[in-house]
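Geometric and topological summary
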Amino acid sequence: MNEVRKSALLPFPVEHVFDVIEAAEHYPAFLPWCAGATVLARDDSVVSARITVDYHGVRFPFVTRNAKRRPEFMAIRLEQGPFRQFEGEWRLVRLAVAACKIEFCLRYEFQSTVMSRLAGPVFDRIANTLVDAFVARAERVHGKPAEEGS
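A brief report on the enclosed structure follows. Counting starts from 1 at the beginning of each chain's written sequence and moves along it residue by residue. Given that the model is predicted, a residue must reach a pLDDT of at least 70 before its local features are reported, and side-chain atom pairs must reach 80 or more before they are shown or counted; all residues, however, enter totals for whole chains, interfaces and linings. Heavy atoms from the whole structure form the basis of all side-chain values; hydrogens and water molecules are not counted.

Thoughts on the environment of alanine 23
So the rule is basically this: Only runs of H or I of at least four residues qualify as helices and only runs of E of at least two qualify as strands under DSSP, and these elements are numbered from the N terminus.
Checked against the element boundaries, alanine 23 lands in the loop between helix H1 (14-22) and helix H2 (27-30). Sequence spacing of alanine 23 and alanine 37 is 14 residues, and the spatial spacing of their C-alpha atoms is 9.7 Å.

Here it is in structure tokens:
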């Protein structure tokens, strides 16, 4: 079983950051490993999406169905894909009007030894760089904040 835990402080309103995380349809624009993303269902309490990973010759789709409470929480739950286990969560904490902390946790294990050997190192890299990718996306979408004192 692999587990990733990451956190970051962002100079943006918590709602803006949550919306970047929740908008799976935009993942191919900023996640280099994401070859496709289709939102299958979305309402105030859940978002479901099919994501296609294509990275360093490893390609596979998976479907998640994620319970959410905007702007502070989104669970990550696998519905379909090559994982024995795939679950995690995003937690967002408002620190000020224009500042928040994000915490990301993901636990995953591939179903087969072959898939684990082929895709494991690739997916480890993806999982470990995910928070940085979302921070960079929030900066692109919402603009880098002005430096203090400038």
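Structure shown, so let's carry the discussion forward.
Side note on the packing of aromatic side chains
Applicable threshold: Working definition: a ring pair exists when centres of Phe, Tyr or Trp rings (six-membered ring for Trp) sit within 6.5 Å. Plane angles under 30 degrees give stacked, over 60 give edge-to-face, the rest tilted. Relative accessibility decides the category of a residue: with a 1.4 Å probe and only protein chains considered, values under 20% of the type maximum give buried, values over 50% give exposed, and everything between is partly exposed.
According to the stated counting rule, one finds 17 aromatic pairs in the structure shown. Judged by centre distance (6.3 Å) and plane angle (45°), the rings of phenylalanine 60 and phenylalanine 123 are tilted. In this pair, phenylalanine 60 is assigned in strand S4 (residues 58-69) and phenylalanine 123 in helix H3 (residues 113-142), connecting sequence segments 63 residues apart. Both residues of the pair, phenylalanine 60 and phenylalanine 123, count as buried. When the ring of phenylalanine 62 is compared with that of phenylalanine 83, the centres are 5.9 Å apart and the planes differ by 85°; the resulting orientation is edge-to-face. Here phenylalanine 62, found in strand S4, pairs with phenylalanine 83, found in strand S6 (residues 83-96); they are 21 residues apart in sequence, far enough to count as distant. Given a relative accessible area of 2%, phenylalanine 83 falls into the buried group. By the ring-pair criterion, three or more aromatic residues cluster together here, those being Phe60, Phe62, Phe83, Phe86, Tyr108, Phe110 and Phe123.

Observations regarding the packing of H1 against H3
This is how the line gets drawn: Here an angle of 0 to 180 degrees is reported between the N-to-C directions of two axes, which are lines fitted to C-alpha atoms, with helices fitted over the stretch in contact. For any helix crossing, the convention is left-handed if the near helix is rotated counterclockwise from the far helix by under a right angle, and right-handed if that rotation is clockwise. The criterion used for residue contact is that any of the two residues' heavy atoms lie within 4.5 Å. Side-chain classes are defined by residue name, with Ala, Val, Leu, Ile, Met, Phe, Trp, Tyr, Cys and Pro counting as nonpolar, Asp, Glu, Lys and Arg as charged, and the others, Gly among them, as polar.
Packing of H1 against H3 leaves a shortest axis separation of 10 Å and a crossing angle of 115°. The two elements H1 and H3 cross, and the hand of that crossing is right-handed. For the pair H1 and H3, contact is made by His16, Val20 and Ile21 and by Phe134, Arg137, Ala138 and His142, respectively. Its residues assigned to classes, the contact of H1 with H3 shows 4 nonpolar, 2 polar and 1 charged.

Quick word on the state of the cysteines
This is how it is decided: Two cysteine sulfur atoms form a disulfide, by the criterion used here, when they sit within 2.5 Å.
Using the criterion set out here, one finds 0 disulfides in the structure. With no disulfide of its own, cysteine 100 lies 18 Å from the sulfur of cysteine 105, the closest cysteine sulfur. Classification of cysteine 105 as buried rests on a relative accessible area of 5%.

Some details on the sheet that holds strand S5 (residues 73-80)
Going by this rule: Two strands pair under a simple rule: DSSP has to find at least two bridges between them.
Spatial ordering of the open sheet is given by S1-S7-S6-S5-S4-S3-S2, a layout of 7 strands whose pairing is antiparallel. If you trace the sheet from one side to the other, it starts and ends with strand S1 (2-10) and strand S2 (34-42), each paired once. Averaged over all pairs of adjacent strands, the angle between strand axes in this sheet comes to 20°, irrespective of strand direction. This element, H1, spans S1, S2, strand S3 (46-55), S4, S5, S6 and strand S7 (99-110) of the sheet and lies at about 160° to S6. Against the sheet, H3 contacts S1, S3, S4, S6 and S7, and its axis sits at roughly 170° relative to S7.

Re a nonpolar patch on the surface
Cut-off, in case you're wondering: Patch rule: a residue counts if its relative accessible area is over 30% and it has no salt bridge; like charges are joined within 9 Å, and nonpolar side chains (Val, Leu, Ile, Met, Phe, Trp, Tyr) within 5 Å. Residue burial considers only the protein chains on display, and all accessible areas are found by Shrake-Rupley using a 1.4 Å probe. Every case where a carboxyl oxygen of Asp or Glu lies within 4 Å of a side-chain nitrogen of Lys or Arg is listed as a salt bridge.
Taken together, the side chains of Leu9, Val93 and Leu95 present a nonpolar region at the surface, about 290 Å² in accessible area. Checked against the element boundaries, leucine 9 lands in strand S1. Residue leucine 9 is classed as exposed on the basis of its relative accessible area, which comes to 64%.

Read these as geometric descriptors, not functional statements.
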